[in-house]
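Each chain, letter by letter, is given below.
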Amino acid sequence: MIVPLKNVEGAADIAGLMRQLGRHAKRAARVLALAPAAQKDKALAAMADAIRAGERDILAANAEDVAEAKVSGATPAFLDRLGLDQRRIAAMAQGIDVVRALTDPVGTVMERWTRPNGMIIERVRVPLGVVGIIYESRPNVTADAGVLCLKAGNAAILRGGSESQKSNRAIHAALIQGLRKADLPEAAVSLVPTRDRAAVGMMLAGLDNTIDVMVPRGGKDLVARVQAEARVPVFAHLEGVCHVYVDRAASLDMAKSIVLNAKMRRTGVCGAAETLLVDRACAATHLKPLIDVLLAAGCEVRGDQAVQAVDRRAKPASHEDWSTEYLDAIITAGLVDGVAGAIAHVERYGSHHTDAIVTDDPAAAEKFLAEVDSAIVLHNASTQFADGGEFGFGAEIGIATGRFHARGPVGVEQLTAFKYRVHGAGQIRP
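Residues numbered from 1 in each chain as written. Predicted model: local features only at pLDDT ≥ 70, side-chain atom pairs only at ≥ 80, totals over all residues. Heavy atoms only, no water.

**Q** Tell me about a nonpolar patch on the surface, residues and numbers included.
**A** A contiguous nonpolar patch, built from Met110, Phe418, Tyr420 and Val422 and spanning about 380 Å² of accessible area, is present on the exposed surface. Broken down by element, the residue count for the nonpolar patch peaks at three residues, all from strand S16 (residues 416–423). Inspection of the secondary structure assignment puts Phe418 in strand S16. (Patch = residues over 30% accessible without salt bridge, like charges linked within 9 Å, V, L, I, M, F, W, Y side chains within 5 Å. Areas by Shrake-Rupley, 256 points an atom, 1.4 Å probe, with all protein chains shown as cover. Salt bridge = Lys/Arg side-chain N within 4 Å of Asp/Glu carboxyl O. Helix = DSSP H or I, 4+ residues; strand = E, 2+ residues; numbered from the N terminus.)

Here you go:
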């Protein structure tokens, strides 16, 4: 369902619009919950085709958003998150194809058992219902969130950032084409057509009990607000303070490659490394080369006394730096006493998002993987793999760092709940 922007004027109209979106989404969710896999997959195939066919329109809309952001003084990291090009649009469409190829989770029997009285009990996957997504900057979230929700039988209400509104509209138009071709309700993927912040508050309140779960994707302030004000369950992470720990048994060449990629591949993503920890036992051989490779790549290094001693270009790290998500070409670096020291540091300063160890010692790797309490822990791999697409999910709706229901990349399977089906033959309880 697309509501013309001319209808959005004043708080009263916005409230009416949002209630309308909620009602239509709830009805669409009931349709999607019963839609066969083939019908949903037909919509997804048409969505991918429409994204590819609409590349020129999407790029033109995005160019306008980027131009406005530059005028407003946006940072390079922000512009990287906002910008689209042919490669990113192709990846968006390919991600839809991957989601389409996934097994439909709805109706899957997770477990089945027979009770002594002969009753058969099944735990079966079902959709969550209506998923509200509030996001900033990245217009690709419009496609990722919409298609993941659709595959899992959920309706989506999308509220993108004002800075990417034109891009979001162009991508959303392609998604609507796919829904039409599959004869599914357009309200299955709704885009809030207003920049008014009042719409966010209404979504957090649940839109008269029409929203079943909220997913925020954006900066710390947005996520904190959603977690504080939401009247419905939330899948979210507040910050991505991600660490790479280089152990005494690490290959130096591998460590340099992983650290450089983890920090500099894309500095503005939540899986970018923000802290480098080096085992004190290998500082003499590993610390200086690691700092060199970062500085050579244009990364600012803020370090402890040991880091400053090996390279005067390193700036002193403040207490706040150790728990800061920079989302920029800046990293905090320091020494720790072995894998136990690294685990203690991550527990104190980390955000339970993504943390990695580089080592050839299986025991050290196992200890780190077992004891670091993060949604994603990696051994000998870059933290930039913290992404649903890299996990084989096709895309992700976000990274969840909580402990309930979903953790890590939230893909199709994580966008379902379950119910119990009980088959009897006349049993009554004594």
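**Q** Which residues make up the packing of aromatic side chains, and what are the values?
**A** Per the stated rule, a full pass over the model turns up five aromatic pairs. Geometrically, the ring pair formed by Tyr245 and Phe368 is stacked, given 6.3 Å between the ring centres and 15 degrees between the ring planes. With Tyr245 in strand S7 (residues 242–246) and Phe368 in helix H14 (residues 362–371), the pair connects residues that are 123 residues apart, well separated along the chain. Of the two residues, Tyr245 and Phe368, neither departs from the other in class, the shared state being buried. Grouping aromatic residues by their ring pairs yields a cluster made of Trp113, Phe418 and Tyr420. (Phe/Tyr/Trp six-rings, centres within 6.5 Å; stacked < 30°, edge-to-face > 60°. Buried < 20%, exposed > 50% of the residue type's maximum accessible area, 1.4 Å probe, protein only.)

**Q** Give me the lowdown on the pairing of strand S1 (residues 109–114), citing residues and values where you can.
**A** Where S1 meets strand S2 (residues 120–127), five bridges bridge the pair, whose relative direction is antiparallel. Across the sheet, residue Val109 finds its bridge partner in S2, namely Val124. Linkage of S1 to S2, two consecutive antiparallel strands, is achieved through a turn of five residues, within which Gly118 is found at a positive phi near 95 degrees. (Pairing = 2+ DSSP bridges.)

**Q** Break down a positive patch on the surface for me, with residues and values.
**A** A contiguous patch of positive charge, built from Arg19, Arg23, Arg27 and Arg30, is present on the exposed surface. Residue position: Arg23 is located in helix H1 (residues 10–34). A residue is classified by how much of its surface remains accessible, and Arg23, at 44% relative accessible area, is partly exposed. (Lys, Arg positive; Asp, Glu negative; His and termini not counted. Charge placed at Lys NZ, Arg CZ, Asp CG, Glu CD.)

**Q** Talk me through helix H13 (residues 338–349); I want residue IDs and the actual numbers.
**A** Between its first and last C-alpha, H13 extends 17 Å over 12 residues, near the 16 Å set by a 1.5 Å rise per residue. Where H13 is concerned, the buried positions are Gly338, Val339, Ala342, Ile343, His345, Val346 and Tyr349. (Expected span 1.5 Å × (residues − 1).)

**Q** Tell me what's going on with the sheet that holds S2, and back it up with residues and numbers.
**A** The strand order across the open sheet formed by three strands is S1-S2-S16, and the pairing between neighbours is antiparallel. Strands with a single pairing partner mark the edges of an open sheet, and in this sheet they are S1 and S16. For this sheet, the mean inter-axis angle between neighbouring strands, taken without regard to orientation, is 20 degrees. Bridging between S2 and S16 involves eight bridges; their strand directions are antiparallel. If you follow Arg125 over to S16, its bridge partner there is Phe418. (Axes fitted to C-alpha atoms, helices over the stretch in contact; angles between N-to-C directions.)

**Q** Outline the confidence of the model for the protein chain, supporting the account with residue identities and numerical values.
**A** Confidence in the prediction for the protein chain averages 93 pLDDT; 97% of positions are at 70 or higher. This model gives residues 1–9 a pLDDT under 50, and the stretch forms 23 contacts once residues within four places in sequence are excluded. (pLDDT = per-residue confidence, 0-100. Contact = heavy atoms within 4.5 Å.)

**Q** Which residues make up the environment of Val147, and what values do they have?
**A** Position of Val147 relative to the elements: it lies in helix H6 (residues 140–151). Considered as a pair, Val147 and Ile397 are 250 residues apart in the sequence and their alpha carbons are 9.4 Å apart.

**Q** Can you lay out the side chain of Ser164 for me, pointing to particular residues and giving the numbers?
**A** When you line up the elements, Ser164 lands in the loop between strand S4 (155–159) and helix H7 (165–181). With a relative accessible area of 0%, Ser164 lands in the buried category.

**Q** Break down the layout of surface pockets for me, with residues and values.
**A** The calculated volume of the largest pocket comes to roughly 890 Å³. Lining the largest pocket are 31 residues, with Ala91, Asn140, Arg265, Arg266 and Asp387 positioned closest to its centre. Looking at the lining of the largest pocket, the elements with two or more residues in it are helix H5 (86–101) and H6. Take the lining of the largest pocket: its biggest share by element is seven residues, from H5. Considering only residue class, the lining of the largest pocket consists of nine nonpolar, 11 polar and 11 charged. Of the pockets and cavities examined, the second largest pocket occupies roughly 780 Å³. Every residue lining the second largest pocket is counted, 36 residues in all, and those nearest its centre are Glu136, Ser137, Gly218, Gly219 and Leu222. (1 Å grid on protein atoms, 1.4 Å probe; cavity = no way out; pocket = protein on both sides within 12 Å on 5 of 7 lines; lining within 4 Å. Points joined across faces, edges and corners; volume = space filled by probe spheres on them. Nonpolar A, V, L, I, M, F, W, Y, C, P; charged D, E, K, R; others polar.)

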